[in-house]
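Analysis of the macromolecular model
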Amino acid sequence: MPDLAEPATAVEQFDCPTCEVPAGSTCRTRGGKVAPKYHTPRFMHVPQLRAELEVRTPADRW
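My aim in this report is to walk through the structure given alongside it, one point at a time. (Residues numbered from 1 in each chain as written. Predicted model: local features only at pLDDT ≥ 70, side-chain atom pairs only at ≥ 80, totals over all residues. Heavy atoms only, no water.)

**Overview of the overall build of the chain**
Filter applied, for reference: In this text, helices come from DSSP runs of H or I with a minimum length of four residues, and strands from runs of E with a minimum of two, each type numbered from the N-terminal end. For the radius of gyration, the atom set is restricted to C-alpha positions; the globular benchmark scales as 2.2 Å times the number of residues to the power 0.38. Throughout, a contact is declared for two residues whenever any of their heavy atoms are within 4.5 Å. Where accessible areas are quoted, they stem from the Shrake-Rupley method and a 1.4 Å probe; at the residue level, only the protein chains shown are allowed to cover. Charge counting treats Lys and Arg as positive and Asp and Glu as negative, with His and both chain ends excluded. For charged residues, the charge sits on one atom: NZ in Lys, CZ in Arg, CG in Asp, CD in Glu.
Within the chain, the regular secondary structure consists of 2 helices and 0 strands. The C-alpha atoms of the chain give 10 Å as radius of gyration, which agrees with the globular expectation for 62 residues (11 Å, within 12%). A principal-axis box enclosing the C-alpha atoms of the chain has dimensions of 30 × 25 × 20 Å. For the chain, the share of sequence-separated contacts (at least 6 apart) that also reach a separation of at least 24 residues comes to 34%. By element, 52% of the accessible surface of the chain is carried by carbon and sulfur atoms, the whole surface being about 4,000 Å². Counting 8 positive and 8 negative side-chain charges, the chain places the averaged centre of each group 8 Å from the other.

**Focus on the environment of Pro17**
The condition is simple: Any residue under 20% of the maximum accessible area for its type is buried, any over 50% is exposed, and the rest in between are partly exposed; the area is computed with a 1.4 Å probe on protein chains only.
Its location among the elements puts Pro17 in the loop between helix 1 (7-11) and helix 2 (40-43). Since its relative accessible area comes to 51%, Pro17 is described here as exposed. C-alpha separation for the pair Pro17 and Cys27, spaced 10 residues apart in sequence, amounts to 9.8 Å. Excluding residues within four positions of it along the chain, Pro17 makes contact with Pro41 and Arg42.

**Points about the pattern of salt bridges**
Charged atoms that come close allow side chains of opposite charge to pair. Quick note on the threshold: Note on definitions: salt bridges are taken to be side-chain nitrogens of Lys or Arg within 4 Å of carboxyl oxygens of Asp or Glu.
Taken as a whole and assessed by the stated rule, the structure comprises 4 salt bridges. A salt bridge links Glu12 to Arg61; the shortest N-O distance between them is 3.0 Å. Placement of the pair is Glu12 in the loop between helix 1 and helix 2 and Arg61 in the segment after helix 2, with a sequence separation of 49 residues. Owing to a relative accessible area of 22%, Arg61 belongs among the partly exposed residues under this scheme. The partner of Asp60 in a salt bridge is Arg61, and the shortest N-O contact between them spans 3.2 Å.

**Here's the deal with unusual backbone geometry**
Backbone geometry places Glu20, a non-glycine residue, at a positive phi of 65°. Mapped onto the fold, Glu20 is located in the loop between helix 1 and helix 2. Owing to a relative accessible area of 68%, Glu20 belongs among the exposed residues under this scheme.

**Quick notes on the nonpolar core**
The tendency in soluble globular proteins is for nonpolar side chains to be buried as a group. Here is the rule: Each nonpolar core is a collection of buried residues, namely Ala, Val, Leu, Ile, Met, Phe, Trp, Tyr and Cys, held together in the definition by side-chain atoms within 4.5 Å.
In this structure, Ala8, Ala10, Val11, Cys16, Val21, Cys27, Ala35, Tyr38, Phe43, Val46, Leu49 and Val55 together form the largest nonpolar core, which totals 12 residues. The element that contributes the greatest number of residues to this core is helix 1, accounting for 3 residues. Each residue touching Tyr38, except ones within four places of it in the same chain, is listed here: Ala8, Val11, Glu12, Thr26, Cys27, Phe43, Val55, Arg56, Thr57, Pro58 and Arg61.

Function-wise, these values are silent; they only describe arrangement.
Below, the structure written as C-alpha cells:
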C-alpha cells in the first residue's frame, strides 16, 4: 500500500465503479474532464481513507 501522504496514489490503484476509468487514471466528470475529487466508491477501497468525506484530485493530476 502506498504512503497515505499521497492518497491519490492509493485511490488510483483501483478502477472507478462510478465513472469506469481504469486503475492508474483520475476520476472523470460526465463530460470527460478530470473530476475535482475522486468518486466515493473508489476511495472506499482504501481502508485508511474510508472515514474521509472526500479525496481531492491533486493539482499535478489535472
